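In case you want the letters, here they are:
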Amino acid sequence: MRSLLPAACVFWPLLTATLSWWLPARLRSTVAVAGHVVALALAAVLAFSVARGGVIELALGDWDAPLGIVVRADGLAAVFLSITAVVTLAVAVHARAAATQPPSLWPLIALLQSGLAAVCVAGDLFNAYVALEVVGLSAVGLVALGGAGARRAALHYLVIAVLGSLFYLVAVGVIYGATGTLDMGLAGIAWAEGTTSTAWPLGLAAVGLALKAALFPLHGWLPAAHAGAPLAASPLLSALVVKAPLFILARLWLEVTGPDPAVAVLLAVLGSGAVLWGGFQALIQTRLKRVVAYSTVAQVGYLFLVFALITPDQDEAVQRLALGAWVTLMVSHALAKSAMFLITSTIKTFHGTDEITVTAGMARGWAPMTLAMGLATISLIGLPVSIGFIGKWQLLSAAGIPGQWWLVGVVLVGSVLSAAYLLRPLAGSLREGSEEQTWTPLAWRQVVAPLGLAVAAFALGLSAVPLIELALVGWEPM
Amino acid sequence: MNLIAALPVIVLLVSALAAVWIMLLPEEATRIRNGVGVGAAALKLVLLLALIPWVLEGDYPAMGWEMLPGIRLELRVDSLSILFALLSGILWLATTIYAIGYLRESKNRRRFFAFFSLCVTATVGIAFAGNLVTFVVFYEMLTLVTYPLVSHYGTPESLKAARAYLFYALTGGLSVLTGTVLLQSLAGSTAFEAGGTEAVQHYAAEHPGMSLVILSLLVAGFGVKAALVPLHGWLPLAMVAPAPVSALLHAVAVVKAGAFGLVRTVTDLFGVEVVHGLGALDPLLVWASVTILYGSVRALSQQDLKRRLAFSTVSQVSYITLGLAMFAPLATVGGVVHLFHQGITKIILFFCAGLFAERLGAKTISSLTGLGSRMPWTSAAFTVGAFGMIGLPPLAGFISKWTLAQGALQADRDWVVLVLVLSALLNCLYFLPIVFRLWWPPRGWEPTGELQPLALRTMLLPTVAVAVLSVAAGAFAGLPLSPLGWAELITARSHP
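Fair warning: this is a prediction, and the values are worked out from it, not measured in the lab.

The rules behind these values
- Residues numbered from 1 in each chain as written.
- Chains lettered and ligands numbered in written order.
- Predicted model: local features only at pLDDT ≥ 70, side-chain atom pairs only at ≥ 80, totals over all residues.
- Heavy atoms only, no water.
- Helix = DSSP H or I, 4+ residues; strand = E, 2+ residues; numbered from the N terminus.
- Rg over C-alpha atoms; globule rule 2.2 N^0.38 Å.
- Buried < 20%, exposed > 50% of the residue type's maximum accessible area, 1.4 Å probe, protein only.
- Contact = heavy atoms within 4.5 Å.
- Areas by Shrake-Rupley, 256 points an atom, 1.4 Å probe, with all protein chains shown as cover.
- Lys, Arg positive; Asp, Glu negative; His and termini not counted.
- Charge placed at Lys NZ, Arg CZ, Asp CG, Glu CD.
- Buried area = accessible area lost by both parts, 1.4 Å probe.
- Salt bridge = Lys/Arg side-chain N within 4 Å of Asp/Glu carboxyl O.
- Nonpolar A, V, L, I, M, F, W, Y, C, P; charged D, E, K, R; others polar.
- Core = buried A, V, L, I, M, F, W, Y, C linked by side-chain atoms within 4.5 Å.
- Axes fitted to C-alpha atoms, helices over the stretch in contact; angles between N-to-C directions.
- Parallel < 35°, antiparallel > 145°, perpendicular 65-115°, else oblique.
- Left-handed = near helix turned anticlockwise from the far one by under 90°.
- Disulfide = S-S within 2.5 Å.
- Polar contact = N/O pair within 3.5 Å; in protein donor to acceptor, adjacent residues only side chain to side chain.
- Pairing = 2+ DSSP bridges.
- Phe/Tyr/Trp six-rings, centres within 6.5 Å; stacked < 30°, edge-to-face > 60°.
- Expected span 1.5 Å × (residues − 1).
- Bend = angle between axes of the 7 residues up to and from the residue.
- pLDDT = per-residue confidence, 0-100.

Caption draft 1: Summary view of the overall build of chain A. Looking only at helices and strands, chain A features 20 helices and 2 strands. Rg of the C-alpha trace for chain A: 21 Å, near the compact-globule value of 23 Å for 478 residues, within the 12% margin. By principal-axis analysis of the C-alpha atoms, chain A measures approximately 70 × 55 × 45 Å. Looking at chain A as a whole, 63% of its 478 residues are labelled buried. Put simply, of all contacts in chain A between residues at least 6 apart along the chain, 81% involve residues at least 24 apart. Looking at chain A as shown, the accessible area adds up to about 16,300 Å², and 68% of this sits on carbon and sulfur atoms. Positive and negative side-chain charges of chain A, numbering 22 and 20 respectively, have mean locations separated by a distance of 17 Å.

Caption draft 2: Structural context of the overall build of chain B. Secondary structure assignment for chain B yields 21 helices and 2 strands. Compactness check: chain B gives a C-alpha radius of gyration of 21 Å against a globular reference of 23 Å for 496 residues, within 12% of the reference. In terms of principal-axis extent, the alpha carbons of chain B reach across some 70 × 55 × 45 Å. A total of about 16,900 Å² of accessible surface is found on chain B, and carbon and sulfur atoms cover 68% of it. Taking the average place of the 29 positive charges on the side chains of chain B and the average place of its 23 negative ones, the gap between the two points comes to 14 Å.

Caption draft 3: Region of interest: the interface of chain A and chain B. Across the boundary between the two partners, chain A contributes 31 residues, which contact 33 residues of chain B. Across the chain A to chain B interface the summed buried area is about 2,900 Å²; carbon plus sulfur atoms make up 79%. Summed over the shared surface of chain A and chain B, the number is 0 salt bridges. Looking at the side of chain A that touches chain B, the elements that each hand over two or more residues are helix 15 (362–365), helix 17 (387–400), helix 18 (405–429) and helix 20 (464–471) of chain A. By residue class, the composition of the side of chain A that touches chain B is 22 nonpolar, 5 polar and 4 charged.

Caption draft 4: Quick look at the nonpolar core. Val87(A), Tyr168(A), Trp326(A), Phe128(B), Phe270(B) and Phe356(B) are the most contacted members of the largest nonpolar core, which totals 364 residues. With 18 residues, the top contributor of residues to this core is helix 14 (residues 316–351) of chain A. If near-sequence neighbours (up to four positions away) are discounted, Phe128(B) is found in contact with Pro8(B), Val11(B), Leu48(B), Leu51(B), Glu74(B), Leu75(B), Arg76(B), Val77(B), Ser81(B) and Ala85(B).

Caption draft 5: Highlighting the packing of helix 6 (residues 156–187) of chain B against helix 8 (residues 208–225) of chain B. Residue and element names in this part refer to chain B. Where helix 6 contacts helix 8, the two axes come as close as 8 Å, and the packing angle between them is 155°. Regarding the angle of helix 6 to helix 8, the classification is roughly antiparallel. Viewed along their axes, helix 6 and helix 8 form a crossing whose handedness is left-handed. From helix 6, Tyr 165, Tyr 168, Ala 169, Gly 172, Ser 175, Val 176, Thr 178, Gly 179, Thr 180, Leu 182, Leu 183 and Leu 186 reach across to helix 8, where they touch Met 210, Ile 214, Leu 217, Leu 218, Ala 220, Gly 221, Phe 222, Val 224 and Lys 225. Looking at the contact of helix 6 with helix 8, its residues break down into 14 nonpolar, 6 polar and 1 charged.

Caption draft 6: Structural view of the environment of Leu132(A). All names here are of chain A. For Leu 132, the position within the fold is in helix 5 (residues 125–144). By relative accessible area, which is 1% here, Leu 132 ends up buried. C-alpha separation for the pair Leu 132 and Ala 244, spaced 112 residues apart in sequence, amounts to 7.1 Å.

Caption draft 7: Inspection of the pattern of salt bridges at higher detail. Residue and element names in this part refer to chain A. According to the stated counting rule, one finds 12 salt bridges over all chains in the structure shown. Between Arg 320 and Glu 316 there is a salt bridge, with the nearest N and O atoms lying 3.3 Å from each other. In this pair, Arg 320 and Glu 316 are both assigned in helix 14, 4 residues apart and thus about one turn of the helix distant. For Glu 316, a relative accessible area of 43% gives the class partly exposed.

Caption draft 8: Geometry of the state of the cysteines. Residue and element names in this part refer to chain B. Enumeration over the complete set of coordinates arrives at 0 disulfides over all chains. The thiol of Cys 428 is unpaired, and the distance to the nearest cysteine sulfur, on Cys 352, comes to 18 Å. Assessed through its relative accessible area of 25%, Cys 428 is described here as partly exposed.

Caption draft 9: Layout of the side chain of Lys289(A). All names here are of chain A. Take Lys 289: it is sitting in helix 13 (residues 288–305). The side chain of Lys 289 sits in the buried core without any salt bridge; Asp 354 is the nearest counter-charge, 6.5 Å away. Here His 226 takes part through its backbone oxygen, which lies 3.3 Å from a polar atom of the side chain of Lys 289. Here the side chain of Lys 289 touches Ala 229 through a polar contact of 3.3 Å, landing on its backbone oxygen. Beyond its immediate sequence surroundings of up to four residues, Lys 289 is in contact with His 226, Ala 229, Ser 234, Phe 341, Thr 344, Ser 345, Lys 348 and Asp 354.

Caption draft 10: Main features of the pairing of strand 2 (residues 70–73) of chain A. All names here are of chain A. Residues Val 70 and Arg 72 line one face of strand 2 and the alternating positions Val 71 and Ala 73 line the opposite face, and both faces are buried. Bridge analysis of strand 1 (residues 56–59) against strand 2 gives 4 bridges, and the strand direction is antiparallel. Within strand 2, the residue paired with Ile 56 across the bridge is Ala 73.

Caption draft 11: Quick look at the environment of Phe11(A). Residues and elements named next belong to chain A. With respect to the helices and strands, Phe 11 occurs in helix 1 (residues 5–22). A relative accessible area of 53% means that Phe 11 is categorised as exposed. Separated by 460 residues in the primary sequence, Phe 11 and Ala 471 have C-alpha atoms spaced 23 Å apart.

Caption draft 12: Highlighting the packing of aromatic side chains. Enumeration according to the criterion identifies 26 aromatic pairs over all chains in this entry. When the centroid spacing of 5.2 Å and the interplanar angle of 15° are considered together, the rings of Phe80(A) and Phe247(A) count as stacked. Remark: Phe247(A) occurs in helix 11 (residues 243–256) and Phe80(A) occurs in helix 3 (residues 75–97); sequence separation between them is 167 residues. What makes Phe80(A) buried here is its relative accessible area of 5%. Taking 6.3 Å as the distance between ring centres and 90° as the angle between the ring planes, the aromatic pair formed by Phe135(B) and Phe192(B) counts as edge-to-face. Remark: Phe192(B) occurs in the loop between helix 6 and helix 7 (198–206) and Phe135(B) occurs in helix 5 (residues 132–150); sequence separation between them is 57 residues. No difference in accessibility class separates Phe135(B) from Phe192(B), as the two residues are buried.

Caption draft 13: Expanded view of helix 11 (residues 254–270) of chain B. Residues and elements named next belong to chain B. Taking 1.5 Å of rise per residue, the 17 residues of helix 11 would be expected to cover 24 Å, and the 23 Å separating its terminal C-alpha atoms lies within 8% of that figure. Along its length, helix 11 shows its largest kink, about 30°, at Arg 264. The element helix 11 is largely enclosed, with a buried count of 17 among its 17 residues. One or two residues past the end of helix 11 sits Gly 271, with phi positive at roughly 90°.

Caption draft 14: Main features of the pairing of strand 1 (residues 62–68) of chain B. All names here are of chain B. For strand 1 and strand 2 (residues 71–76), the ladder comprises 6 bridges, and the chain directions are antiparallel. Bridge pairing in strand 2 places Ala 62 opposite Arg 76. The turn joining strand 1 and strand 2, which pair antiparallel and follow one another in sequence, is formed by 2 residues; a positive phi near 85° is taken by Gly 70.

Caption draft 15: Examining the side chain of Ser296(B) more closely. All names here are of chain B. Mapped onto the secondary structure, Ser 296 falls in helix 13 (residues 281–300). For Ser 296, a relative accessible area of 0% corresponds to the buried category. Ignoring sequence-local partners within four residues, the contact set of Ser 296 consists of Ser 315, Ser 423, Leu 426, Asn 427 and Tyr 430.

Caption draft 16: Examining the confidence of the model for chain B more closely. For chain B, mean pLDDT is 89; residues scoring 70 or higher make up 99% of the total. With pTM at 0.92, the complex prediction returns an ipTM value of 0.90.

Caption draft 17: Examining helix 2 (residues 30–57) of chain B more closely. In a regular helix each residue adds 1.5 Å, so 28 residues correspond to 40 Å; helix 2 of chain B covers 42 Å between its end C-alpha atoms and thus fits that length. Gly58(B) occupies a position one or two residues after helix 2 of chain B and carries a positive phi of about 95°.

Put into structure tokens, the structure is as follows:
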């Protein structure tokens, strides 16, 4: 029974997508939200099951690898599945409460969720490729829903996505050629025994996945895509879509090819560049959505440079801290960033503009939204007691113990930058005076989604230990 | 579950829940809000007093839980915690009453009082922190919840000052965080133990270089809030905040939190001997002395009353660091007791400044002429506060300075006595003229301006009450449970 859970998490959203495609437009949103609620329940059950009983494995059709395809849910998959479900539900609820959405939004969101779930549980390299493509294509579709202005950015994103997948596919080909199998577990064993240099396939895959994840300097497509994307697309794009390639990279790094020193250095350098460049760019922006978009570029940098610490020459304690940091930073970013995008999109819809100065008077007029913005900001900067703080703590520990002072420096500078650019709109909300906008109070269902996400990001820091223990189920140090 | 062990959490929850309740009330529900604010403050004070018997016995109520694998958030009420927490509790009650009067016509009172409650939650959390990790958590929380208070008026000037404050505080916090992470990861523990943590001392013996770096990070980070020169820049700027906020920041919350952090780091984490062994004690002493003199000199040239008081705070808080940085028990007693005495004395002055500003619009020194006859109670309280700052017996300020001077002699640092004398002289130079102005206006002076009627009792009562307290703390310093007696207890426990 429990072995069916990973497959169920992939097929249920697919069913939701199909249903919301067939049904007339006025029923779609309700069915979609109901579907996402069930998806969240499934993800929760899976998470509990993994926490209690360990890794779940299922050979589809009872055909074992290498002939058949294996679907596997370990701790990392369980965490990422849960986060996907939470964020997707929140976005769907918010989109439903806001203005009427284009009817194709609902099937696209559900399709995206299915693709993300498939990325999580894929035990086969080619399955992972297919899943990445599904994620990419549905994301392109979501961006394109923004109308004529977004079409160009969507097309640009499509090219990027396909190019990235191509790099990954070539890498998979190299691995297949060397090991003779596409199953991740078996390929990992065969690769360790083989003599092929890890640098090439891992490097190629890393470049392709970095492209899809908007790692500096390949990040140019992201702010443009965000600018034109509609209300529901931006949170999903930053919070979830760019995480999927990172997940696949983790699989390759931890299970398949293993790490490579040259690629580790590359990721460290580019990751640091992302933190600093993204932070600097965010500081000079004048529009809210762009600030938040560049913030994503910076945060993705952290998620890449952590890989430099998960290498065989590091202690088990350091590897554990680094992986824990990776997971908690992912969770923090997913929750807090989606909250920020929901808030900034609502502001933009309400006032017609997202200039930073538009937030004047928000603290008084839209107090719950300001609270949500504040809590999300706290998690993104990494202040206590949020899950972002836990992530930052673990990252600093993982860097401090082996004496990697460059990383400590990057994290500190990044923190200062993120405080600087995230506090500008928040500070503006406390402003009183003539430049104030009028803020008609929002209905509770328009506030509940961002507020819930932000509170979750803030409060999860208090129960970080169960989260980290879950994420490490099935992991073994190098 | 042991009720006593749960008391630290309950004390924190009292003000946290008060904050939530206040936030959920509508803006117009003034009477209920005032009731909740004052009630919570009073309840908190009672609970804190109830903790004293256990702490006296050495039976420290403690409670914690796991925040990260292997790292615990720990709340522990020891003798130093009680001193700081009681200071916060007493002054919070006084300031709440004062603020109710001061802000009775202000906008956004709901937000103000909610964050006010959170501010004290954070301060008591800092007081009760049982290890450096917990300290950092509440220290950063303090930064965040004081921000809306500093920027309360919402004017461009307020926002600018608040942004500077935030920038200083977050950077300092980052320095403290880095030091804490390194210490926890490398030494294995950051728990506070009287006289120094064994794990930390062991690490310092084996890795003196790294320990010095960590110590410097912690001291510099705490030094920002404790207004050590040149990290003090935010303090005069923050004077744009309403008077209750300036009073709270300067007497209780932010500045004292920084100083408290220094006390904990030097006495309960590394231990004074280890800090001395790392060669950091004398530089810290010099740094404190420079700050004391610099603050006083700058205060001389300020014409705005609150700014003069701000620089006076920069100077006075460093007495605590001065006491810490001398290798003598009496000096430590002096420094620790000054934490309490400076708090209760300084807050009187800020309360008076607020009263002068509200009733007459008198914000500069020159506009205070002749107010002794027009606002006698306020002027009397101000005089008591000023004498306390100068250090005249039998006031509380005298007790701390006398003890510090004795400590300096005990530690063979005679030049520190000179610093203390110089500073007292400078204090005279910038406080006495004000006192003279108040009571003895020049001949031919005519009163100008209308005295605004105001909620006299709510603002004057706490002012006078705290003034009486500062007299009592000095006059009755010989009693075992006086602040001085308590400071002696704390020092005795760290030098077993």
